[in-house]
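Coordinate analysis (summary)
Okay, here's what each chain looks like letter by letter:
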Amino acid sequence: MATAAAQYRICPRTGLQFHKSAEALIKVNAVAGVVALLLGGVLALLITLTRWQAVHLIDANEFYLILTAHGLDMLVVWIIFFEMAILYFCSSTLLRCRLATPRLAWFAFALMVIGTVTFNVVIFTGDATVMMTSYPPMPAHPAFYLGLILFAVGALIGCFIFLGTLVVAKAEKTYEGSVPLVTFGAITACIIAIFTIASGAIILIPTFLWSAGYISHIDPAMYRVIWWAFGHSAQQINVAAHIAVWYAIAAIVFGAKPMSERVSRFAFLLYILFLQLASAHHILADPAVGTEWKVFNTSYAMYLAVLASMLHGLTVPGAIEAAQRAKGYTKGLFEWLRKAPWGNPVFSGMFISLIGFGFLGGISGVMMGTEQLNMIIHNTIYVPGHFHATVVIGTTLAFMSLTYFLLPTLFNRELILPGWAKLQPYVFGLGMGAFTLAMMGAGTLGVPRRHWDITFAGAALPYEFPGTALLMIAIFGIAGVIAVIGGAMYIVVTVGTILFGKKLDAGAYSTKVTPLRLPVQVSLVEDGGHGGGWGVPGTFVFAMVFLVAFVLYYFVNWKYLSTVWGLS
Amino acid sequence: MSAILPPQHRIWWKQPVDKIEIVWIVIAFVWCMIMFFMMPYWHVFGKQNLSTETYRVKPELFAKATQEMVDKYTVRTEGPNKVPVVAPPAGSDVYLIARLWDWWPILELENGKSYRLNLTSMDYQHGFSLQPENINIQILPGYQHVVTVTPNRTGQYAIVCNEFCGIGHHKMVSRLYVK
């Protein structure tokens, strides 16, 4: 219930209203995420320097242990903590209302922290070197699964608090009409998250009981189908969340409005309907499931979720182009882009995220997710190449860009080292870009993922990979180090700013909620879209370039598949 | 008006959509359908499709069948561990065991002939990765997966394990010959 205490402040720079409890929770969740990113980043460096055969830094035992921790701390802990912050921001802050049940939100946060600490302790004591996927019958200590379950329960509570906050905003009439598009994207992420976490519970609870000795057998095929409904869907939360962040940044930096609410929201709806089918992507090279199941599910029901991503890929830059053109940058096809604020890390990071996610992550994802093509990719290093493009360039870089916006408005601090902040998205984004391309190259040549030594030293019947593969791995090593430097720059700037940045005026807390009141228009035709014509030709050219790259690469892979052994 | 504020038009779902968006939706949708129908198309006209023939199997029974094949068709042994090299007749069922941390036995196949390759694991999950061909198949314990393979190039191949299976994972590599 709204209390009489002074709870609300309006940021003098952005006009956003922060509810005190929500503000604190957004901060702690974001900070917890960044701490995980720091840990995961150190591990990333060790992994890169080990797989880079010329350096081959740490021994096999530690390598597999660290790879397990890196996967979970990055893919689960960093991203989901930051997503909790985004959910609270998109509900309480964007809708200008109080956060529902802040105490429960603190409890959820505590559960997530306890879960994280639990599984990390188990991993680092060497009792759970099973990789993030923990495929049975390879066992881990029960506390490993328990830690994951606690974390997931915490995240689930966070999702319901988000939904509760939407109800509060509606009931207390703090906004009019429909929720903003960015909040709609967050709702998408939240719905997928609930499905994801439920799947995780369905499989991790019995696996926990199995590892504790109460259940005798976990079927490995069943585990894979259900675990991946958790493992892959978790990445779809990220997609929905970082696309919401793209829209938010386009709005914040350019004042861009969606080209069409209808198209963008429809695309998010397609995500809700189809993205969770992605479990199949991981089962394509498996026995025990049928072809029809694989084909239908891997294509997200005939690629309708891919269609959604292709729509966002047009509408996000399209919204930016329209906003820029409205400001008078109308020369030629690309003046709007040339004159974009490339020195502002909020924008540059977001744009690199968009390009990297589409061209590297999106296209490679569809290759791997094609039933037959998967056979020439499955479990090679191409796979982590793909998901580093989606989750690191796409999600992580988008979240990093958002941080540069949140530091002054949420933490009320002026950025330290603005020169570093300016460079950071380029170092990180381009380093990661080269890193993922090198991985995909090496994977095409057959280099396996999760492998300590591809020279097979000490094996009875070793195999020598082609020289090109080793060259790719060397490029991967160098690019990986560059990306880690980019990540370190982010940590230095953000942590430094929170600790030492110049304090900015936060705006005074008051008891008053300032609801969002807009001059809502009822007219149906006025100001609809951007002139209803070819308002964004530059973006359309980009989209066509993307399509051509996509089509060519797709058929190149089929050509390659047609040359391998006959299989039936 | 922007994406972080409620839509300007209360009835936003009746707002007209830009031509450029409609054109892109149509193009993207057509491309999605092409990609979708490529998969069934390849099942009819393509030569590389993963079989789904699968049986539940007890490891001992699979090991017994493998041993029978080895007893009948071994032509030589190889490597420090004297792994048998087996040349079974074309068209027959051939067996390959994945276990911690080796592949057993080594198969010697004839170019252009088809074989029913039976795969299973004795313990954890493993990954069958044929190099430099780069054909990759998941292997699950308790499941016998039967894949018909038709080699199309002679030479020495490697089978690498590409599913993490413990500390000896990176040493789990073997050979396969095509004559």
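Quick note: structure is the one above.
Residues numbered from 1 in each chain as written. Chains lettered and ligands numbered in written order. Predicted model: local features only at pLDDT ≥ 70, side-chain atom pairs only at ≥ 80, totals over all residues. Heavy atoms only, no water.

Structural notes on the overall build of chain B
When its secondary structure is counted, chain B shows two helices and 12 strands. Listing every helix and strand of chain B by position from the N terminus yields α-β-α-β-β-β-β-β-β-β-β-β-β-β. Relative to the 2.2 N^0.38 estimate, which gives 16 Å for 179 residues, the radius of gyration of chain B is 24 Å and therefore markedly larger than a compact globule would have. Along the first, second and third principal axes, the C-alpha atoms of chain B reach 80 × 40 × 30 Å. The buried share of chain B, reckoned over its 179 residues, is 58%. Nonlocal contacts in chain B, meaning residues at least 24 apart in sequence, comprise 59% of its contacts between residues at least 6 apart. Here chain B has roughly 7,200 Å² of accessible surface; of this, 59% comes from carbon and sulfur atoms. (Helix = DSSP H or I, 4+ residues; strand = E, 2+ residues; numbered from the N terminus. Rg over C-alpha atoms; globule rule 2.2 N^0.38 Å. Buried < 20%, exposed > 50% of the residue type's maximum accessible area, 1.4 Å probe, protein only. Contact = heavy atoms within 4.5 Å. Areas by Shrake-Rupley, 256 points an atom, 1.4 Å probe, with all protein chains shown as cover.)

Section: the nonpolar core
By size, the foremost hydrophobic cluster in this structure holds 264 residues, and its most contacted members are Phe144, Tyr271 and Met310 of chain A together with Phe128 of chain B. Looking at this core element by element, the count peaks at 24 residues for helix H2 (residues 60–93) of chain A. When near neighbours in sequence (up to four residues on either side) are disregarded, Phe144 of chain A contacts Leu72, Phe119, Val122, Ile123, Ala128, Val130, Met131 and Ser134 of chain A. (Core = buried A, V, L, I, M, F, W, Y, C linked by side-chain atoms within 4.5 Å.)

Focus: the interface of chain B and chain A
Listed as interface residues are 95 residues of chain B and, on the opposing side, 124 residues of chain A. Applying the counting criterion to the chain B and chain A interface returns two salt bridges. A salt bridge links Arg450 of chain A to Glu163 of chain B; the shortest N-O distance between them is 3.5 Å. Linking chain B with chain A are 42 residue pairs in polar contact (both at pLDDT 80 or more), by the criterion used here. For the side of chain B that touches chain A, the elements supplying multiple residues, two or more each, are helix H1 (19–45), strand S1 (53–56), strand S6 (106–109), strand S8 (126–131), strand S9 (135–139), strand S10 (143–150), strand S11 (155–161) and strand S12 (173–178) of chain B. (Salt bridge = Lys/Arg side-chain N within 4 Å of Asp/Glu carboxyl O. Polar contact = N/O pair within 3.5 Å; in protein donor to acceptor, adjacent residues only side chain to side chain.)

So, a nonpolar patch on the surface
A contiguous nonpolar surface patch, about 410 Å² in accessible area, is contributed by Phe555 of chain A together with Ile22, Val26, Val30 and Ile34 of chain B. Considering every element that reaches the nonpolar patch, the biggest residue donor is H1 of chain B, with four residues. (Patch = residues over 30% accessible without salt bridge, like charges linked within 9 Å, V, L, I, M, F, W, Y side chains within 5 Å.)

A closer look at helix H3 (residues 102–124) of chain A
Residues and elements named next belong to chain A. The end-to-end C-alpha distance of H3 is 33 Å, a good match for the 33 Å that 23 residues give at a rise of 1.5 Å each. Those residues of H3 that fall on the buried side of the exposure criterion are Ala105, Ala108, Phe109, Leu111, Met112, Gly115, Thr116, Phe119, Asn120, Val122 and Ile123. In this fold, the buried residues of H3 make contact with helix H1 (20–51), H2 and helix H4 (142–171). With its phi angle positive at about 90 degrees, Gly126 sits one or two positions after the end of H3. (Expected span 1.5 Å × (residues − 1).)

Observations regarding the side chain of His388 of chain A
All names here are of chain A. As for its placement among the helices and strands, His388 is situated in helix H12 (residues 382–409). Take His388: its relative accessible area is 12%, and that puts it in the buried class. Those residues in contact with His388 that lie beyond four places of it in its chain are His70, Ile393, Met432, Phe435, Thr436 and Met439.

Here we look at the sheet that holds strand S1 (residues 8–10) of chain A
Either a parallel or an antiparallel arrangement is found when strands of a sheet pair, and the pairing is made through backbone hydrogen bonds. Residues and elements named next belong to chain A. With respect to topology, three strands assemble into an open sheet ordered S2-S1-S3, the strand pairing being antiparallel. Two strands lie at the open edges of the sheet, namely strand S2 (17–19) and strand S3 (509–510), each paired on one side alone. By the bridge criterion, two bridges tie S1 to S3 in an arrangement that is antiparallel. Bridge pairing in S3 links Arg9 to Tyr509. Packed onto the sheet, H1 meets S1, S2 and S3 and runs at close to 85 degrees relative to S2. (Pairing = 2+ DSSP bridges. Axes fitted to C-alpha atoms, helices over the stretch in contact; angles between N-to-C directions.)

Observations concerning the pattern of salt bridges
In total, this model carries 19 salt bridges over all chains according to the counting rule given. The partner of Lys339 of chain A in a salt bridge is Glu335 of chain A, and the shortest N-O contact between them spans 3.1 Å. When its relative accessible area of 5% is taken as the criterion, Glu335 of chain A is described as buried. Of the charged contacts, one joins Glu78 of chain B and Arg76 of chain B as a salt bridge, the two residues approaching to 3.5 Å between their closest N and O atoms. Given a relative accessible area of 14%, Glu78 of chain B falls into the buried group. For Arg76 of chain B, a relative accessible area of 34% corresponds to the partly exposed category. Salt bridges sharing common partners tie together Arg76, Glu78, Glu108, Arg175 and Lys179 of chain B.

Things to note about the pairing of strand S2 (residues 74–78) of chain B
For a regular strand, side chains alternate in direction, first toward one face of the sheet and then toward the other. Bridge count between S2 of chain B and strand S3 (residues 83–86) of chain B: four bridges; the pairing is antiparallel. Residue pairing in the sheet places Thr74 of chain B in a bridge with Val86 of chain B of S3 of chain B.

Concerning the sheet that holds S9 of chain B
Residue and element names in this part refer to chain B. With mixed pairing, the seven strands of this open sheet are ordered in space as S2-S3-S6-S12-S11-S8-S9. The open sheet has two edge strands with one neighbour each: S2 and S9. Sheet twist, expressed as the average angle between the axes of neighbouring strands with direction ignored, equals 25 degrees. Pairing of S11 with S12, which is carried by six bridges, proceeds in the antiparallel orientation. Residue pairing across strands places Val160 opposite Val173, the latter belonging to S12. The strands touched by helix H2 (residues 59–73) are S2, S3 and S6; relative to S2, the strand with the most contacts, the crossing angle is about 100 degrees.

Notes on the packing of helix H13 (residues 418–444) of chain A against helix H14 (residues 467–500) of chain A
Residue and element names in this part refer to chain A. Their axes nearest at 7 Å, the elements H13 and H14 cross at an angle of 155 degrees. Taken together, the axes of H13 and H14 are roughly antiparallel relative to one another. The two elements H13 and H14 cross, and the hand of that crossing is left-handed. The class makeup of the residues in the contact of H13 with H14 is 23 nonpolar, six polar and no charged. (Parallel < 35°, antiparallel > 145°, perpendicular 65-115°, else oblique. Left-handed = near helix turned anticlockwise from the far one by under 90°. Nonpolar A, V, L, I, M, F, W, Y, C, P; charged D, E, K, R; others polar.)

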